[in-house]
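Overview (structure and organization)
Residues per chain are reported as follows:
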Amino acid sequence: MKKHNFGAGPCILPASVMLQAANAVIDWNSSGLSILEVSHRSPEFEAVVLKTQLLVRELLKVPDDYSVLFLQGGASTQFSMIPLNFLKNKGAYLDTGYFALKAIKEAAHYGYAEVVGSSADKDYNYIPDYNSADLKADYLHCTSNNTIEGTEMFQFPETSVPLFCDMSSDIFSRTINVRDFDLIYAGAQKNMGPAGMTMVILKDSLLSTVNKALPSMSDYRVYKDHQSMFNTPPVFSIYVAMLNLLWLKDQGGVEAIEQLNIRKARTLYEEIDRNSLFRGIASPAHRSRMNVTFRTTEPAHEKEFLQFAESRGFIGIRGYRTAGGFRASLYNALPVESVLGLTKLMSEFGQHKGSSQVFEEVQLNR
């Protein structure tokens, strides 16, 4: 049975990337060595790091006065690393969901973390408006896409202070103007590759504002000075990210994949809005293209639909454990066919009106 992977992370990867990565685990570039055992100090792997950085620059049009760094610890480590480096008096934060709130809590260990906008009043189903030319803070932090709540920022704050953004779950899925930001960070396991590597893009001049001694592993200056190779980097994750970015380039780059992602998201939201057995969770104006959240109109039907979907090879659609409902993640490598298959499944379930009796009959007749 064909599997349709809508999991929120680690991400679905293109079949061609998986095959190349699998071959490299056995014999990388006919070297007689596995990519898992090759020296990270070898010229061959240093070339992989450089090529991955260059692909990031090309695909996102990163300006020359920005650095591209590869770190470990996931995006969650950035929640503390950012204030450790840049928080002097006050950090300003937009509270748009679970991971934004985690970033706020971590920053509070190092100083004053002020929430300047929040959508908590409506269970984080929208993105709060926020612009301020006279914000008094060391930086403003936002989260571009909220994987649990299913909301996404399509306009970013205009502010006079440095703008930092967690783009873990929509990086490389749409065009951005890197110059709008002073620091962007993203865990690899959504649209880049396997878990283990975190990408940071930061404006070089930002580093001149760091004027204190820091632990080496938490100091952006150290990573820049050592070309992301201060210690053993996440070799396999960087290598597979390189393969995945090469695949993305072959698809036409970020501009082309964005149009495909718009089509996939529109197709699924249209079915959610059309089908009387389902309802969307996020405010329509802020619906994520990457993580589509929805529920059945009757709570009793949720378990039935989940079983209905999983029995037909549609996996990973269960909502986050604290949120419930459903979440279909439409990352770059997810084919349109999987989205069309899910909408067909929902239509079939809708025709049966979620009846447990009909559901059982369908199961018996398969």
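Below: a short report on this structure. (Residues numbered from 1 in each chain as written. Predicted model: local features only at pLDDT ≥ 70, side-chain atom pairs only at ≥ 80, totals over all residues. Heavy atoms only, no water.)

**Considerations on the nonpolar core**
If you look at the biggest cluster of nonpolar residues, it comprises 86 residues, and the most contacted ones within it are Leu60, Phe172, Met199, Ile201 and Phe305. Per element, the largest residue contribution to this core is 10 residues, and it comes from helix H6 (residues 235-250). Residues within four places of phenylalanine 305 in sequence aside, it is in contact with Phe278, Phe294, Thr296, Ile317, Phe326, Leu342, Leu345, Met346 and Phe349. Core analysis: the next-biggest nonpolar cluster, separate from the first, contains 26 residues, Leu69, Met81, Val200 and Leu214 among them. (Core = buried A, V, L, I, M, F, W, Y, C linked by side-chain atoms within 4.5 Å. Buried < 20%, exposed > 50% of the residue type's maximum accessible area, 1.4 Å probe, protein only. Helix = DSSP H or I, 4+ residues; strand = E, 2+ residues; numbered from the N terminus. Contact = heavy atoms within 4.5 Å.)

**A few points about the packing of helix H1 (residues 15-26) against H6**
Axis angle and axis distance: for two packed helices, these are the angle between their axes and the distance between the axes, and together they describe the pair. For the pair H1 and H6, interaxial distance at closest approach is 9 Å and the crossing angle is 145°. At the point where H1 passes H6, the crossing takes the right-handed sense. When H1 is examined against H6, the residues Ser16, Val17, Gln20, Ala21, Ala24 and Val25 are found in contact with a partner set consisting of Phe236, Tyr239, Val240, Leu243, Asn244 and Trp247. Partitioning the contact of H1 with H6 into residue classes produces nine nonpolar, three polar and no charged. (Axes fitted to C-alpha atoms, helices over the stretch in contact; angles between N-to-C directions. Left-handed = near helix turned anticlockwise from the far one by under 90°. Nonpolar A, V, L, I, M, F, W, Y, C, P; charged D, E, K, R; others polar.)

**Thoughts on the pattern of salt bridges**
Enumeration over the complete set of coordinates arrives at 11 salt bridges. A salt bridge links lysine 90 to glutamate 114, with the shortest nitrogen-to-oxygen separation between them at 2.8 Å. Placement of lysine 90 in strand E3 (residues 90-95) and of glutamate 114 in strand E4 (residues 112-118) is noted, with a sequence separation of 24 residues between them. Here lysine 90 falls in the buried class, since its relative accessible area comes to 18%. Note that aspartate 219 is salt-bridged to arginine 221, the shortest N-O span being 2.8 Å. The exposure class assigned to aspartate 219 is buried, which follows from its relative accessible area of 5%. Via salt bridges that share partners, Glu152, Asp170 and Arg174 belong to a single interconnected network. (Salt bridge = Lys/Arg side-chain N within 4 Å of Asp/Glu carboxyl O.)

**Observations regarding empty space enclosed by the protein**
The tally for this structure, following the rule as stated, stands at one cavity of 30 Å³ or more. Computed from the structure, the largest cavity encloses a volume of approximately 30 Å³. In terms of lining, the largest cavity is formed by Cys11, Ile12, Leu13, Pro14, Lys190, Asn191, Asn244, Trp247, Asn332 and Ala333. Along the lines of polarity and charge, the residues of the lining of the largest cavity split into six nonpolar, three polar and one charged. (1 Å grid on protein atoms, 1.4 Å probe; cavity = no way out; pocket = protein on both sides within 12 Å on 5 of 7 lines; lining within 4 Å. Points joined across faces, edges and corners; volume = space filled by probe spheres on them.)

**Some details on the side chain of arginine 287**
Tracing the sequence through the fold places arginine 287 in the loop between strand E11 (278-280) and strand E12 (291-296). Judged by its relative accessible area of 13%, arginine 287 falls in the buried class. Only 2.9 Å separates the side chain of arginine 287 from the side chain of aspartate 273, close enough to count as a polar contact. Once you skip the residues sitting within four places of it in the chain, arginine 287 turns out to touch Gly150, Glu152, Phe154, Tyr269, Asp273, Gly280 and Ala282. (Polar contact = N/O pair within 3.5 Å; in protein donor to acceptor, adjacent residues only side chain to side chain.)

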